[in-house]
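# Coordinate inspection notes
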Amino acid sequence: MTRVNGTRTARLGADHEATLDSTTALAIFHKDLGRLDTALALYTQARESAERRYGPHHPQTLESMHGLASGYSRAGERQKARELFEETLARRVTALGGDHSDTLNTRDSLGLELLKLDQFDAGVALIEEVLRLRTARHGKTHPNTVISLNNLGFAYSEVGRYKDAIRYYKLAVEADEVRLGVDHPGTLNTRSNLALAYEHLGEPARAVEILEDVLRASRIKLGESHPKTISFMNNLAYAYEHAGNPKGAVSLYVKVYEAMKVSPGERHPDTVTVLSNLALAYEQVGQLDRAIPLSETVLTRRTELFGLSHRDTLTAMNNLAQMYSAADRREESAELLERSLGGLVVILGWEHPDVHTVTSNLAGAFDDLGHSARAISLYEQVLAFRTSTFGPDHPDTLTSLNNLGKCHEKAARPADAVPLMEKAVRGAVVKLGDTHPTTDIFRRNLAAVYRAVARHEQELAVYRDIYQANLKRHGKDHLSTLMSLNNIGIGLQAVGKLEEALPLYEQAYAGLKATRPENDPQTLTTLGNVAYACRLTGRHDRAVPLYQLLLTGRKAKYGPTSREAQATMEFLAEAAVDANNGELAAEAYLEYLAVYRTTKPDDVRLAGMLAHLGLTLLKCGQFATTERLCREAVAIRERVAPDDWKTFNTHSLLGGALLGQKKYADAEPLLVKGYEGMKGREEAIPKEATTRIPEALDRLVELYQATDKPDAVTKYQALRAKYPAAKKGVLPPPRADK
């Protein structure tokens with residue numbers, strides 16, 4: 001094609017009609033291959049030649065101008081595209097009239113370009129006008145009218161009017177089915193657009209259903225490797241991402257990328273976009289080791305294609321920064337976001353929405369780095385912009401309210417977060433609907449902040465709303481529904497209604513156990529809540545075997561020395577203490593201690609753990625085990641802190657273990673030394689440990705009662721009476737699964 005164009009230019013001249021045709025065809029060819037610089041140069045040449053040959057208002061000149069404007073749009077030069085579309089439109093109105101098909105084509109393209117420039121009202125108005133004129137000129141089922149129906153559906157989606165978008169996409173589908181048939185590629189394309197509108201509306205399951213049908217039909221009609229089939233596959237992958245099937249999305253994106261590497265080629269802009277989508281899908285399934293290298297490749301290729309200051313390159317920087325943040329590479333993330341933001345400000349200006357999207361991401365990066373003041377300032381800036389630009393109920397504005405609230409909560413200012421998150425939830429329910437995924441996220445965040453400010457009744461009410469929305473959206477056996485049922489239990493527990501919480505935990509656990517894989521994390525979490533509720537309500541005979549089952553599951557899922565397994569060992573030991581099963585408590589605590597030692601704690605921490613376990617086991621009569629633990633603790637503390645009150649407390653504990661074994665002679669000096677040492681350092685004992693002296697006195701009273709020394713009993717009872725009576729410990733509530 002290039003040779004033909006060169007031959008015609010040499011033999012006939014650049015302005016010859018045949019040369020113009022081949023130059024325009026070659027420009028389109030290069031644009032489709034993503035060779036945008038070459039395409040723009042050819043479009044410019046075609047326009048200049050047409051103007052010289054035909055004049056400024058000739059259809060051929062105007063078609064060249066329209067093609068050049070489309071090339072600018074494809075290359076991301078939005079302002080140039082807009083200005084040239086406006087000039088072309090003005091000339092076509094003059095030369096052809098306002099309702100000519102070519103004029104309406106340019107008006108439509110200008111409307112779409114205005115949407116890309118975020119001039120939503122003007123863009124929607126133009127596209128609405130084109131639809132009205134095309135309907136009047138051609139009728140409701142004409143191909144151009146159907147194009148306008150599709151474009152208006154797209155426009156309404158862009159401004160968040162998803163229900164209106166669906167209405168027009170449905171009209172387009174109906175027209176295409178009548179005119180073309182249900183399995184025609186054009187009809188399939190319109191149905192694909194309709195599916196994506198459902199996804200935006202928060203109905204991903206419906207979107208998936210339509211797109212799976214579209215893909216099946218396209219494979220039969222066009223074949224597996226047809227570009228349209230590949231496009232539908234890409235759309236289905238996108239829908240899978242948002243329908244909670246990220247693994248399905250990854251599988252399809254891999255197929256799309258492999259196909260597009262062959263044609264149009266791995267360095268084509270569209271192929272690079274699919275690679276970016278694949279990287280984002282890998283991030284969603286937690287495979288950052290795959291996501292980050294792919295995202296780095298995307299940034300490299302876009303830099304090569306467009307340069308560092310191009311909008312698509314800067315978007316790639318933003319995406320990579322988000323992945324770095326997820327991988328705890330926070331400094332690198334903030335640096336990339338600052339570069340991306342600086343570049344976008346230069347090409348788009350401070351008032352562009354994309355600039356504020358990256359500003360919001362940068363605020364999140366600062367928040368992660370602990371720079372809460374800078375983060376809050378940026379979030380407030382984004383919120384003010386979105387409120388004034390989009391309005392207070394736009395989804396992006398509501399997201400800003402939520403983000404600012406979360407930042408206040410993280411900065412230990414939960415009271416400031418509450419009104420922001422309440423406003424976000426109210427707006428999401430009205431704008432997006434009760435069952436939209438974003439509404440669910442906002443509600444869960446609001447419940448968390450209610451918990452932080454101890455507004456547990458409101459927390460419980462939010463959990464009930466979440467459950468009802470998930471029940472309506474997913475049904476009673478879906479993971480989200482069952483976990484929200486679990487969280488109602490958490491809310492009930494927070495307001496002291498444990499007897500009501502327990503059957504909800506049990507119902508959630510039964511549902512998860514029946515529907516989720518063995519040792520599923522959420523199932524194990526809910527099992528832990530059942531066990532804890534049984535323990536809190538005094539059902540110790542049930543709590544112990546439930547914790548044993550939980551420990552087995554967490555060892556299998558996370559490993560026998562994992563933090564999850566270690567925490568469960570402690571829970572099991574505590575439940576065994578409550579059930580007066582000292583032998584099981586000792587067994588669980590010793591296993592816990594063995595895992596704790598693998599973390600290589602320093603001497604101070606190890607001695608503290610030994611003493612803590614010794615105190616607990618002493619109370620449940622495991623005297624021999626307590627002796628062994630406390631002897632090790634005494635040896636450490638006498639070496640590293642011989643004059644500390646904790647060292648004397650450990651002497652008393654060791655004396656208590658010997659007392660329990662009736663080794664009275666060995667116990668007495670340790671018990672006396674322990675009490676007197678702590679009494680002499682009473683001012684150094686923190687408030688939370690003030691029971692240690694009366695506990696030491698209780699042991700001395702017990703010793704002298706056992707050895708029949710009434711004077712000593714009277715002495716230490718009198719000293720003991722100066723301290724409050726012992727209180728039964730209160731267990732803290734479990735945390736809600738988030």
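For the structure given in this document, a descriptive report is provided here.

Conventions adopted
Along every chain, residues carry numbers that run from 1 in the direction the sequence is written. Side-chain atom pairs in this predicted model are given and counted only at pLDDT of 80 or more, local residue features only at pLDDT of at least 70, and totals for whole chains, interfaces and linings cover all residues. Excluding hydrogens and water, the side-chain values take into account all heavy atoms of the structure. Secondary structure is summarised from DSSP: a helix means a run of H or I of at least four residues, a strand means a run of E of at least two, and numbering begins at the N terminus for each. Working rule for contacts: check all heavy atoms of both residues, and any pair within 4.5 Å makes them a contact. The rule is simple: take the accessible area with a 1.4 Å probe, protein chains only, and divide by the maximum for that residue type; under 20% is buried, over 50% is exposed, in between is partly exposed. Within this document, salt bridges are pairs made up of a side-chain nitrogen of Lys or Arg and a carboxyl oxygen of Asp or Glu, the two lying within 4 Å of each other. In summary, the pairing rule links any two rings of Phe, Tyr or Trp, Trp by its six-membered ring, whose centres are within 6.5 Å, and it sorts them by plane angle into stacked for under 30 degrees, edge-to-face for over 60 and tilted for everything else. Only when the NZ of Lys or the CZ of Arg is both within 6 Å of the ring centre and within 35 degrees of the ring normal is a charge said to sit over the ring. Every angle, taken between N-to-C directions, lies between 0 and 180 degrees, and every axis is a line fitted to C-alpha atoms, over only the stretch in contact when it is a helix. Roughly parallel here means an angle under 35 degrees, roughly antiparallel means over 145, roughly perpendicular means 65 to 115, and every remaining angle is called oblique. The sense of a crossing depends on the near helix, which, turned anticlockwise from the far helix by less than a right angle, makes the crossing left-handed and, turned clockwise, makes it right-handed. Residue polarity is assigned by list, with Asp, Glu, Lys and Arg as charged and Ala, Val, Leu, Ile, Met, Phe, Trp, Tyr, Cys and Pro as nonpolar; anything else, Gly included, falls into the polar class.

A few words now on the environment of Gly528. By the secondary structure assignment, Gly528 is in helix α26 (residues 521-536). Spatially, the C-alpha atoms of Gly528 and Ala81 are 60 Å apart, while their sequence positions differ by 447 residues. If we skip the residues at most four places from it in the chain, Gly528 touches Tyr547 and Leu550.

Time to look at unusual backbone geometry. Of the consecutive residues Ser263 and Pro264, the connecting peptide bond is found in the cis state with omega at 20°. Summarising the element assignment, Pro264 is placed in helix α13 (residues 246-265). Even without being a glycine, Ala454 presents a positive backbone phi close to 60°. If you trace the backbone, Ala454 turns up in the loop between α22 (437-452) and α23 (456-474). Given the relative accessible area of 51%, Ala454 is considered exposed. For Asp708, which is not glycine, the phi torsion reads 55° and is therefore positive. Within the secondary structure, Asp708 is located in the loop between α34 (692-706) and α35 (710-720). A relative accessible area of 64% places Asp708 in the exposed class.

Inspection of every chain in the model, using the stated rule, returns 51 salt bridges. A salt bridge links Glu422 to Arg455; the shortest N-O distance between them is 3.4 Å. Taken together, the residues span a long stretch of sequence, with Glu422 in helix α21 (residues 414-431) and Arg455 in the loop between α22 and α23 at a distance of 33 residues. Judged by its relative accessible area of 30%, Arg455 is partly exposed. We note a salt bridge from Lys472 to Asp434, for which the minimum N-O separation is 3.8 Å. Of this pair, Lys472 sits in helix α23 while Asp434 sits in the loop between α21 and α22, and the two are 38 residues apart along the sequence. What makes Lys472 exposed here is its relative accessible area of 60%. By relative accessible area, which is 26% here, Asp434 ends up partly exposed. Each of the salt bridges in this network shares a partner with another, and the network as a whole consists of Arg47, Glu51, Glu87 and Arg91.

Below, the discussion takes up the packing of aromatic side chains. This model, assessed by the stated rule, comprises seven aromatic pairs. When the centroid spacing of 5.6 Å and the interplanar angle of 50° are considered together, the rings of Tyr156 and Tyr168 count as tilted. Pair noted here: Tyr156 is in helix α8 (residues 143-158) and Tyr168 is in helix α9 (residues 162-179), with a separation of twelve residues, a long-range link. The same class applies to Tyr156 and to Tyr168, which are both buried. Among the aromatic residues, those joined into a ring-pair cluster are Phe120, Phe385 and Phe390. Above the ring of Phe366, the side-chain terminus of Arg374 is found at 3.9 Å from the ring centroid.

Before going further, it helps to examine the packing of helix α30 (residues 603-619) against α34. Packing of α30 against α34 brings their axes to within 14 Å, and their N-to-C directions diverge by 45°. When the interaxial angle is binned, α30 and α34 end up oblique. Between α30 and α34 lies a crossing whose hand is left-handed. Every residue of α34 that contacts α30 at Leu615, Leu618 and Lys619 is listed here: Arg692, Glu695 and Arg699. Of the residues assigned to the contact of α30 with α34, the class counts are two nonpolar, no polar and four charged.

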